[in-house]
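What follows is each chain in one-letter form.
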Amino acid sequence: MDLAYTAEEEEFRARLREWLAKTLPTLPPKPSPGDWSARRAYDLGWQRMLYDAGYAGLHWPMDAGGQGATPTQHLIFLEETEKAGAPYVGASFVGLLHAGPTIAAEGTPEQRARWLPPVLRGEEVWCQGFSEPDAGSDLASLRTRAWRDGDVYVVSGSKIWTSHAEVADWCELLVRTDPEAPKHRGITWLAMPMDAPGITVRPLRTLAGSNEFAEVFLDEVRVPVANRVGAENDGWRVTMVTLSFERGTAFVGEVVACRRVLGELAREARRNGRWDDAPLRRRLGRLNAEFRALWRLTQWNVSEAEKTGGVPGTGGSVFKLRYSHARQELYDAAAEVLGPNSLDLDRPWVLDRLSSLSYTIAAGTSQIQQNIVAERILGLPKGR
C-alpha cells in the first residue's frame, strides 16, 4: 500500500483548493431539505460547475467522458471538497456513484455516449431500482418480471427504497428475465426511462422526515432491449460491479465528513462542560482512532483499485461493514455530547443520528457484508 502522494498529486490538490475557495462563495443558498425539485436543481447546478471546471467524473475513463484521473486523485478530490464544505452529490448520487461507473465499465460505446455525458453535465438524474418488498438483503430473490416482446422488454412488478425516484429521469433496474433459472442467473440489468407509461411513484417518508426514497410500481412498462447493460440473464454479475462501487467508493467522502464532525463534537463538549466526563473523552478518542484507521483502509482500497482498472474489490465490504457501525457510534456520542438537546431536531447532528440507523442496512446489510468477508476474503465455506 502506497500512502504517499506524488508531487503531481499534491499539485492537483493545490489547484483544487484554489478553485473551491473561489467558487463556493458564489453558490446560491441551499434549498429546503424537503423540496426535492429545488434540491435537484441545486445539485445539478453544482454538478454543472464541476463539469465546466474539469472536475466532473474525475476518475471515469476518458472514453466515458471522464478525466482519466487516478483513483488517488479522486480520493484527493473527495477529501478536499468535503473539507471545504462543498455540496454533496445529492440527487446525482446514483448516476455519479452507481449507474454511471457501471455503464462506464460494462456498457457499449453507444450506451456510454447516450447516458454518461448528461450525468456528468448535470442534466439527468438516476434512481436505483434494486430492492423489493420481499427481496432486500436477499436481492437475488427479486420477482419483478421482464419478458421479451420483439425489441422491448415488458416489465411488471414493484421496487422499494428507490433512491430519488420522484426526481429521476432514469432508473438502474434489476429484473428477472428467466424465472426457471437459478435465482442468481436469471437477472438482467436495464436502464428504464422514468417517464415511460405504466410507472407509478409513491414517495416514502423516513424516520428523519426525509422523502428521498419511494415505492415504484411497474405495470407492463416497455423498455427497449437496447437499454440492457450486459447480456440477458447476466445481470447479477453486472450488479456486483454496481455494488462494488457503492460499497467501495461511494462512502469515501463521508469518512472525511465524520472526521470533521468528530472535531466539532470535541469543541462542543469543551464549550458545554461535557469535556470533564472522562468516559466521553475516551469514547471520542477511540472514535478518532477508528476513523483514522478507516481512512487508511480507504487508501488501501484505492491502491488496490488502481491495480484493477479502478473497479473496487471485496475490500469495500470490509470498509462498509466497519464504517456503518462506526458512523452509528459517532452519532451516539453526539447524543451524549448534546445531552437533553439530543431530542431537538433543530440541533446539529440530531437528524444525522436518525439517518445513521440506516447505514447497517443500506448497500447491503452488515450480515451480508460479513458473509462476503467470510467467503470471498477469508475463504470460509458458505453457510447452509
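Quick look at the structure, then. This one's a predicted model, so the numbers in the text were calculated from it and none came from an experiment.

Turning our eyes to something else, we now look at unusual backbone geometry. Although it is not a glycine, Trp161 adopts a positive phi angle of roughly 60 degrees. Within the fold, Trp161 resides in the loop between strand E3 (152–159) and strand E4 (170–176). Positive phi values are uncommon outside glycine, yet His164 reaches one of about 65 degrees. Residue placement: His164 occurs in the loop between E3 and E4.

Turning our eyes to something else, we now look at the state of the cysteines. Enumeration according to the criterion identifies zero disulfides in this entry. Residue Cys127 stays outside any disulfide, its sulfur separated by 3.8 Å from that of Cys171, the closest cysteine.

To continue, consider the packing of aromatic side chains. Evaluation of the coordinates by the stated rule reveals nine aromatic pairs. Summarising the aromatic geometry, the rings of Phe12 and Tyr55 are spaced 6.2 Å apart at their centres and angled 70 degrees between planes, so their arrangement reads as edge-to-face. One end of the pair, Phe12, is in helix H1 (residues 7–23); the other, Tyr55, is in the loop between helix H2 (36–53) and helix H3 (71–83), and 43 residues separate them in sequence. On the accessibility criterion, Phe12 (5% relative accessible area) is buried. Tyr55 gets classed as buried once you look at its relative accessible area, which sits at 10%. Seen from their ring centres, Trp161 and Phe213 are 5.9 Å apart, and the 85 degrees between their planes marks the pair as edge-to-face. You can see Trp161 sitting in the loop between E3 and E4 and its partner Phe213 sitting in strand E7 (residues 213–224), a full 52 residues away along the chain. Judged by relative accessible area, which is 24%, Phe213 ranks as partly exposed. Ring-pair connections join several aromatic residues into one group, and the members of that group are Phe12, Trp19, Trp46, Tyr55 and Phe77.

Cut-offs and rules
Residue indices begin from 1 for each chain and proceed along its sequence in written order. In keeping with the model being predicted, local features are shown solely for residues with a pLDDT of at least 70 and side-chain atom pairs are shown and tallied solely at 80 or more, while totals for entire chains, interfaces and linings include all residues. Heavy atoms from the whole structure form the basis of all side-chain values; hydrogens and water molecules are not counted. The helix count covers DSSP runs of H or I at least four residues long, the strand count covers runs of E at least two residues long, and both are numbered beginning at the N terminus. When the sulfur atoms of two cysteines come within 2.5 Å, that pair is taken as a disulfide. Two rings from Phe, Tyr or Trp (for Trp, the six-membered ring) form a pair when their centres are within 6.5 Å of each other. A pair whose planes differ by under 30 degrees is stacked, one over 60 is edge-to-face, and the rest are tilted. Accessibility here uses a 1.4 Å probe with only protein chains present; expressed as a share of the type maximum, an area under 20% marks a residue as buried, one over 50% as exposed, and anything in between as partly exposed.

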